[in-house]
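So the chains spell out like this:
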Amino acid sequence: MACTLEYIDYVCSQIQGVGVVRSRKMFGDWCIYVDEKPIILACDNLCYVKMLPEIADMMHGAWTGFPYDGAKEHYILDIEHRDNAIPVIQALLPLLPYPKKRKK
């Protein structure tokens, strides 16, 4: 089941104020960008973030899963609790790269 547009709007509203937030439909699900960096994969109305050692303490006890077939395991971000989600996103911002430019 793909994400609903209402869920994507909710996720984006929950992380407002962290930076410039936008969403983009990709491969049947969604990617949420903050300051043009892909931060959240939204699949099946769940938010996934990369499992990086720098956020392991913050995500201790969080559920994990695979956003799509063939993906690496990710943390599932509890987006409903904004006070917990925002620090995770702020920690990820300096760690994640900008997307590579497509060659024409």
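Residues numbered from 1 in each chain as written. Predicted model: local features only at pLDDT ≥ 70, side-chain atom pairs only at ≥ 80, totals over all residues. Heavy atoms only, no water.

(A) Just the pattern of salt bridges, in detail. Applying the stated criterion to the full structure yields 1 salt bridge. One salt bridge connects Arg22 with Glu36, and the closest N-O pair in it is separated by 3.1 Å. One end of the pair, Arg22, is in strand E1 (residues 21-26); the other, Glu36, is in the loop between strand E2 (29-34) and strand E3 (37-43), and 14 residues separate them in sequence. Assessed through its relative accessible area of 31%, Arg22 is described here as partly exposed. With relative accessibility at 37%, the residue Glu36 sits in the partly exposed group. (Salt bridge = Lys/Arg side-chain N within 4 Å of Asp/Glu carboxyl O. Helix = DSSP H or I, 4+ residues; strand = E, 2+ residues; numbered from the N terminus. Buried < 20%, exposed > 50% of the residue type's maximum accessible area, 1.4 Å probe, protein only.)

(B) Geometry of the nonpolar core. With 28 residues, the main nonpolar core has Ile15, Ile40, Val49, Leu77 and Ile79 as its most contacted residues. Secondary structure elements with two or more residues in this core: helix H1 (5-14), E2, E3, strand E4 (46-50), strand E6 (74-77) and helix H2 (82-92). Here this core gets 5 residues from one element, more than from any other, and that element is H2. Setting aside residues no more than four positions away along its own chain, Leu77 makes contact with Ile40, Cys47, Val49, Met59, Ala85, Val88 and Ile89. (Core = buried A, V, L, I, M, F, W, Y, C linked by side-chain atoms within 4.5 Å. Contact = heavy atoms within 4.5 Å.)

(C) Quick look at the sheet that holds strand E5 (residues 64-65). What the 6 strands build is an open sheet, ordered E1-E2-E3-E4-E6-E5; its pairing is antiparallel. Every other strand in the sheet has two partners, leaving E1 and E5 as the edge strands with one partner each. When E5 meets E6, the two strands line up antiparallel, connected through 2 bridges. Directly across from Gly65, in E6, lies its bridge partner His74. Against the sheet, H1 engages E1, E2, E3 and E4, with an angle of about 15 degrees to E2. (Pairing = 2+ DSSP bridges. Axes fitted to C-alpha atoms, helices over the stretch in contact; angles between N-to-C directions.)

(D) Broad picture of the side chain of Lys37. Secondary-structure assignment places Lys37 in strand E3. This buried residue, Lys37, is left without a salt bridge; Asp35 holds the nearest opposite charge, at 8.0 Å. Those residues in contact with Lys37 that lie beyond four places of it in its chain are Ile32, Leu93, Pro94, Leu96, Pro97 and Tyr98. (Lys, Arg positive; Asp, Glu negative; His and termini not counted.)

(E) Just H1, in detail. Looking at H1, one finds that the buried residues are Tyr7, Ile8, Val11, Cys12 and Gln14. Down the axis of H1, the smallest arc covering the buried residues is 160 degrees, so these residues share one side. (Arc of directions from axis to C-beta.)

(F) Seen up close, the side chain of Asp29. Secondary-structure assignment places Asp29 in strand E2. The buried charged residue Asp29 lacks any salt bridge partner; its closest oppositely charged side chain belongs to Lys25, at an N-O distance of 6.6 Å. For Asp29, the side chain forms a polar contact with the main-chain nitrogen of Cys3, separated by 3.4 Å. (Polar contact = N/O pair within 3.5 Å; in protein donor to acceptor, adjacent residues only side chain to side chain.)

Read these as spatial facts, not as claims about activity.
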